[in-house]
Amino acid sequence: MNWILLIIAGLFEVGFASCLGKAKETTGMISTYWMVGFFVCLSISMVLLYKATQVLPIGTAYAVWTGVGAVGTVLVGILIFKEPATFWRIFFLSTLIASIIGLKFVSSH
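Computed from a prediction, not measured in an experiment: that's the story for all the values here.

On to the overall build of the protein. Helix and strand counts for the protein come out as four helices and zero strands. For the protein, the spread of C-alpha atoms along the principal axes amounts to about 50 × 35 × 15 Å. When the 109 residues of the protein are sorted by exposure, 35% land in the buried category. Look at the contacts in the protein between residues 6 or more apart in sequence, and 73% of them connect residues 24 or more apart. Of the accessible surface of the protein, which amounts to about 6,600 Å², a share of 76% is contributed by carbon and sulfur atoms.

See below:
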């Protein structure tokens, strides 16, 4: 269950990073709405990360949380913000995913 909470926390990290990207692209009240989304996603992400670290080792949990957030944010950047999907970006994204999976398998919890 804690691994699921950790992955959900990472997905909310993607949410708050994406909201920052959208807030940067907008102005006025629309930008304010994106910033509210940022703070909501940030809060949920932190609470879930905290809950997961009550059982999982902090080093592993933090690495997985940031990894899920990084992978998700890069994918959102490519798919939504039209950032380049170069060979090297995809290659290193793949190694990051492999590292996250590896941490799960070597974790004692």
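Still to come is the rest of the account.
Time to look at the side chain of Ser18. Here Ser18 is to be found in helix H1 (residues 2-25). Once residues within four sequence positions are removed from consideration, Ser18 is found in contact with Val76 and Phe81.

In the contact formed by helix H3 (residues 58-79) and helix H4 (residues 87-106), the axes pass within 10 Å of each other and the chain directions differ by 150 degrees. In terms of orientation, H3 lies roughly antiparallel with respect to H4. Seen along the crossing, H3 lies across H4 with a hand that is left-handed. Contacts from Thr60, Ala63, Val64, Gly67, Val68, Ala70, Val71, Val74, Leu75 and Ile78 in H3 reach Arg89, Ile90, Leu93, Leu96, Ile97, Ile100 and Leu103 in H4. Residues that form the contact of H3 with H4 fall into these classes: 14 nonpolar, two polar and one charged.

All right, on to the UniProt feature "transmembrane region" (unreviewed entry) in the protein then. Mapped onto this structure's residue numbering, the UniProt feature "transmembrane region" (unreviewed entry) falls at residues 33-50, 62-81 and 87-106. Taken end to end, residues 33-50 is 100% helix and 0% strand, and its first and last C-alpha atoms sit 26 Å apart. Taken end to end, residues 87-106 comprises 100% helix and 0% strand; its first and last C-alpha atoms sit 29 Å apart.

Enumeration according to the criterion identifies two salt bridges in this entry. Lys22 is the salt-bridge partner of Glu25, the closest N and O atoms lying 3.5 Å from each other. Remark: Lys22 and Glu25 occur in helix H1; sequence separation between them is three residues, near one turn of the helix. Ionic pairing is found between Glu83 and Arg89, a salt bridge with its closest N-O pair at 3.3 Å. Given the relative accessible area of 27%, Arg89 is considered partly exposed.

Applying the stated criterion to the full structure yields eight aromatic pairs. Consider the rings of Tyr62 and Trp65, whose centres lie 5.6 Å apart with planes at 40 degrees: the pair is tilted. Of the two residues, Tyr62 and Trp65 both sit in helix H3, three residues apart, roughly one turn of that helix. Exposure remark for Tyr62: the relative accessible area of 46% places this residue in the partly exposed category. Take Trp65: its relative accessible area is 5%, and that puts it in the buried class. Members of the aromatic cluster, connected to one another through ring pairs, are Phe87, Trp88, Phe91 and Phe92.

Analysis parameters
- Residues numbered from 1 in each chain as written.
- Predicted model: local features only at pLDDT ≥ 70, side-chain atom pairs only at ≥ 80, totals over all residues.
- Heavy atoms only, no water.
- Helix = DSSP H or I, 4+ residues; strand = E, 2+ residues; numbered from the N terminus.
- Buried < 20%, exposed > 50% of the residue type's maximum accessible area, 1.4 Å probe, protein only.
- Contact = heavy atoms within 4.5 Å.
- Areas by Shrake-Rupley, 256 points an atom, 1.4 Å probe, with all protein chains shown as cover.
- Axes fitted to C-alpha atoms, helices over the stretch in contact; angles between N-to-C directions.
- Parallel < 35°, antiparallel > 145°, perpendicular 65-115°, else oblique.
- Left-handed = near helix turned anticlockwise from the far one by under 90°.
- Nonpolar A, V, L, I, M, F, W, Y, C, P; charged D, E, K, R; others polar.
- UniProt positions renumbered as here; feature names shortened; annotations may be inferred.
- Salt bridge = Lys/Arg side-chain N within 4 Å of Asp/Glu carboxyl O.
- Phe/Tyr/Trp six-rings, centres within 6.5 Å; stacked < 30°, edge-to-face > 60°.

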